[in-house]
Amino acid sequence: MKQLSGTDSRKISVIVAYFLIYVVWGSTYYFIGVALRGLPPFLLGAFRFTTAGLLLLLWCWYRGEPVFKKSLIKKSAISGIVLLFIDMAVVMLAQKYVSSSLVAIIASSTAIWIMALDAPMWKKNFRSPAVIAGILIGFFGVMMLYIEQFSSDNQPGEHREYGVLLLIFGCISWAIGTLYAKYRSSHEEEVNAFAGSAWQMLFASAMFWVFAVFSGDIVNTDLQAVPTTSWLSLAYLIIFGSIMAYSAYVWLLKVRPATEVATHAYVNPFVAVFIGVTLGNENVTWIQLAGLVVILLSVMLINRKRKGEL
């Protein structure tokens, strides 16, 4: 059997990583909604990232990686709080007010925020007609989804505008955290991306535990009354959403341009809306589907200039 070259192996790794952040991450919006039916937001985050972080850190330690370097831990602390805690807390809190489909749709604007805030790449990105056209077309597609989904969202509850404002704040925080992880990460984080991911999750989980205590999530939750579907969804989020997809995201930021990696935010709504419609019986209209097609076109334009760089 022909052995894969280093270049071929790298290409396969990049393709698998993109599958994880495109498809698997898109599915997590639905499973977060299911988990929240039995677990409050901060306690859900605490369980999720504590378990995922410890499992991943133990795996890295077993492989002989230097997981306890001070520089690695310090940089990971900042990334974990800005990138994971703030954004994921916002996503979970927002789903009290809006559906999982709308959460994914608004989250797609993260790609625009990263493009706007990625100062080191402004010269390259804004000199490329394909990238500029992709961003503008993607923004138009997101607006189509905003208007249509917001007007037809059947999520029970009031004050949907709170959910939208929370999500916009979360998108900006995720963009800042992404660019920090891209440009400010230490050498140890670059070499040990998975160990860095583990520490990020553990620092995020510490913040979730603090807020779970002060918000009353712990004392007001009867764990015996949590439905099985919520526990199963939590297990899915731990294994596929955090250990696999998030680690793939952190690794991709080391090897691919941030604007390109950010296109996951445009693709995730396809998966989230599809799962929301098929499993969650959420509403979707032809205008929303057209908006998703427009977003896909924008991703193709953004990535066209870089397809030979893998």
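Every value quoted in this text rests on a predicted model; they were computed, and no experiment measured them. (Residues numbered from 1 in each chain as written. Predicted model: local features only at pLDDT ≥ 70, side-chain atom pairs only at ≥ 80, totals over all residues. Heavy atoms only, no water.)

(A) Representation of the confidence of the model for the protein chain in the model. Overall, the prediction assigns the protein chain a mean pLDDT of 79, with 81% of residues at 70 or greater. Mean pLDDT values for the elements of the protein chain range from 49 in helix 9 (residues 187-191) up to 94 in helix 2 (residues 41-62). (pLDDT = per-residue confidence, 0-100. Helix = DSSP H or I, 4+ residues; strand = E, 2+ residues; numbered from the N terminus.)

(B) Up close: helix 2. When the terminal C-alpha atoms of helix 2 are compared, their 32 Å separation across 22 residues agrees well with the 32 Å that a helix rising 1.5 Å per residue should span. Following helix 2 by one or two positions, G64 has its phi on the positive side, about 90°. (Expected span 1.5 Å × (residues − 1).)

(C) Just the nonpolar core, in detail. Counting residues in each nonpolar core, the largest one holds 81 residues, and the members touching the most others are I21, L167, F208, Y246 and Y249. Apart from residues no more than four positions distant in its own chain, F208 is found in contact with P41, F42, G45, A46, F49, F85, M88, A89 and M92. (Core = buried A, V, L, I, M, F, W, Y, C linked by side-chain atoms within 4.5 Å. Buried < 20%, exposed > 50% of the residue type's maximum accessible area, 1.4 Å probe, protein only. Contact = heavy atoms within 4.5 Å.)

(D) Molecular detail of the pattern of salt bridges. Counted by the stated rule, this structure contains two salt bridges. For E65, the salt bridge goes to R63, with nearest N and O atoms at 2.8 Å. Where R256 meets E260, a salt bridge forms, and the shortest distance between an N and an O atom there is 3.0 Å. Its relative accessible area of 5% is what places R256 among the buried residues. On the basis of relative accessible area, E260 is assigned to the buried category, the value being 5%. (Salt bridge = Lys/Arg side-chain N within 4 Å of Asp/Glu carboxyl O.)

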